[in-house]
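# Examining the three-dimensional arrangement
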Amino acid sequence: MICSPANAQNTYINFDHISLEQGLSYDIVSSMIQDNEGFMWIGTEDGLNRFDGYNFTIFKYNPSNPGSISDDWITRVFQDSKGNIWIGTSNGLNRYLPVTSTFKVYSFLTEELQKIQSAVGIGSIFEDKEGTLLVGTSVNGFYEYNSAEDKFSLKGKYEELIKLTSKDFIRCFLEDKDRNIWIGLDRGVLRFNPKDKSVKHFKHETGNVNSLSNNVVVTIVEDKDGDLWFGTMMGLNRFDKKN
């Protein structure tokens, strides 16, 4: 069947363009969510934007304001099951405090790292099905959130996995239907089985066409059939768990 030009025109999809002219702080958008109240939170490389459908509120780092966001380069925006909004930046993690419209900053710059660099970026923010929040960094693995003490720790239910990834760039997390935790790294992907605490490392192997196409794993998705999809810096991979 051949469609007439008139019918073809009816299938066009119109996109509204929202850019600097409409109030967005920067044109490169890195992460965004819609929160429980309907606000859009949009992270860019030059500021965090909250959009109510009409106007933007822009949050930027202000060295004279201790309640400002820790950096303008936003890497991740995430809302947890308790309604907290977390913002990862190229220089630390932030939790939005809605009553005062300020931010609490969490730094992962250890004394050891201070000798070689001035900041630690956030690569990923994730919450498992039991409500445990994990934050992956760009150089020193990931941390587990202790909500009772309002701090991030290297200890907790994922302590052994934390030790295994202590020098890694944590790019992404996924919890699959079997409750396995998958972690995308710059050296492949790890699968952690919380039942027996076992860890399996999948990586690219030269000459093995059935291995990952590339070791830099930036995103992981599980489809309705239970297959896992891995987006890498060099191609897309599908993993059929049944086979």
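Provided above is the structure to which this section pertains.
Thresholds applied
- Residues numbered from 1 in each chain as written.
- Predicted model: local features only at pLDDT ≥ 70, side-chain atom pairs only at ≥ 80, totals over all residues.
- Heavy atoms only, no water.
- Pairing = 2+ DSSP bridges.
- Helix = DSSP H or I, 4+ residues; strand = E, 2+ residues; numbered from the N terminus.
- Buried < 20%, exposed > 50% of the residue type's maximum accessible area, 1.4 Å probe, protein only.
- Phe/Tyr/Trp six-rings, centres within 6.5 Å; stacked < 30°, edge-to-face > 60°.
- Axes fitted to C-alpha atoms, helices over the stretch in contact; angles between N-to-C directions.

## Remarks on the pairing of strand E16 (residues 198–202)
Sheet topology note: the strand E15 (residues 189–193)/E16 ladder contains five bridges and is antiparallel. Residue pairing in the sheet places Asn193 in a bridge with Ser198 of E16. Linking E15 to E16, which pair antiparallel, is a turn of four residues; within it Lys197 sits at a positive phi near 65°.

## Quick notes on the pairing of strand E7 (residues 92–97)
Consecutive side chains along a regular strand alternate between the two faces of the sheet. The buried fraction of E7 amounts to five of the six residues, a majority that puts the element mostly inside the structure. Linking strand E6 (residues 85–89) back to E7 in an antiparallel pair, the connection comprises two residues. The pairing of E7 with strand E8 (residues 102–106) spans five bridges and is antiparallel. Within E8, the position partnered with Asn94 by the bridge is Val105. Between the end of E7 and the start of E8, which pair antiparallel, lie four residues, with Ser101 showing a positive phi angle near 55°.

## As for the packing of aromatic side chains
Applying the stated rule across the entire model yields 21 aromatic pairs. For the pair Tyr96 and Phe103, a centre-to-centre distance of 5.4 Å together with 55° between the ring planes defines the contact as tilted. An identical accessibility class is assigned to Tyr96 and Phe103; each is buried. Both rings, one in Phe142 and one in Phe173, keep their centres 5.4 Å apart while their planes meet at 85°; by these two values the pair is edge-to-face. Of the two residues, Phe142 sits in strand E11 (residues 142–146) while Phe173 sits in strand E13 (residues 172–175), which places them 31 residues apart along the sequence. Given the relative accessible area of 0%, Phe142 is considered buried. Look at Phe173 and you get buried, because its relative accessible area is 10%.

## Describing the sheet that holds strand E5 (residues 74–79)
The strand order E5-E6-E7-E8 describes an open sheet built from four strands, whose pairing is antiparallel. Unpaired on one side and paired on the other, E5 and E8 mark the two borders of the sheet. Direction aside, the axes of adjacent strands within the sheet are offset by 25° on average. Across four bridges, the pairing between E6 and E7 is antiparallel. Across the sheet, the residue bridging to Trp86 is Arg95, located in E7.

## A few points about the sheet that holds E16
Ordered by their spatial adjacency, four strands build an open sheet running E13-E14-E15-E16, and the pairing between neighbours is antiparallel. Either end of the sheet is taken by a strand with one partner, and the two such strands are E13 and E16. The average undirected angle you get between the axes of adjacent strands in this sheet is 20°.

That's the geometry; what it means functionally is another story.
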